[in-house]
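Coordinates in review
Spelled out from the first residue to the last, the chains are:
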Amino acid sequence: MLQRGQTGCSPEIGRIVSLIRALDDLRHWTEAMEKHSAAHDERQPRLVVSAARLRDEAWSHSLLAAHDLFQIDGLHSAWVDMAGGSA
């Protein structure tokens, strides 16, 4: 049985799967934050804080997965080397 992060395929496919999972987690925790922020009971502040923390972690994982997949630093370096600017 494959563990999370393992696909049994090429590294590129693994990176795509990691990005998809990270984006799914980001969507899930964003929806959870919205749901819990509408609730009005004594648990609401804790649920919102927990969902916000998990959403922030999912956002971070999404950025790391996108970086791994697209090798953003390498693309940026190539852009700068071609006199594309500092964007």
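Every chain is numbered independently, its residues counted from 1 as its sequence is written. With pLDDT at 70 or above as the cut-off, local features in this predicted model cover only qualifying residues; side-chain atom pairs require 80 or more to be listed or tallied, and sums for whole chains, interfaces and linings still use all residues. Only hydrogens and water are removed before side-chain values are computed, so all heavy atoms of the structure are retained for them.

**Considerations on the overall build of the protein chain**
In terms of helices and strands, the protein chain carries 3 helices and 0 strands. Along the protein chain, helices and strands appear, N-terminal first, in the series α-α-α. Remark: exposure states derive from per-residue accessible area (1.4 Å probe, protein chains only) relative to the maximum for the residue type, with buried under 20%, exposed over 50%, and partly exposed in between. Across the 87 residues that make up the protein chain, the buried fraction comes to 15%. Contacts: residue pairs with any heavy atoms within 4.5 Å of one another. Contacts in the protein chain between residues at least 24 apart in sequence constitute 50% of all its contacts with a sequence separation of at least 6. Where accessible areas are quoted, they stem from the Shrake-Rupley method and a 1.4 Å probe; at the residue level, only the protein chains shown are allowed to cover. Approximately 6600 Å² of the protein chain is accessible, and the part contributed by carbon and sulfur atoms is 61%. Counting from the N terminus, the helices are the DSSP runs of H or I reaching at least four residues and the strands are the DSSP runs of E reaching at least two.

**A closer look at the confidence of the model for the protein chain**
Each residue gets a pLDDT score, which is the predictor's confidence in that residue and runs from 0 to 100. Chain-level pLDDT for the protein chain is 78 on average; 76% of the residues reach the 70-or-more range. Element-level pLDDT for the protein chain is lowest in helix H3 (residues 72-81), with a mean of 69, against a maximum mean of 86 in helix H2 (residues 44-70).

**Describing the side chain of Ser62**
With respect to the helices and strands, the residue Ser62 is situated in helix H2. For Ser62, a relative accessible area of 4% translates into the label buried. Sequence-distant contacts of Ser62, defined by excluding residues within four places in its chain, comprise Leu19, Ala22, Leu23 and Leu26.

**Some words on a nonpolar patch on the surface**
Judged by side-chain polarity, Ile13, Ile16 and Ile20 come together as a nonpolar surface patch covering roughly 240 Å² of accessible area. Tracing the backbone shows Ile13 in helix H1 (residues 11-38). Patch criteria: residues need more than 30% relative accessible area and no salt bridge. Like-charged residues are merged within 9 Å; nonpolar side chains of Val, Leu, Ile, Met, Phe, Trp and Tyr are merged within 5 Å. Every case where a carboxyl oxygen of Asp or Glu lies within 4 Å of a side-chain nitrogen of Lys or Arg is listed as a salt bridge.

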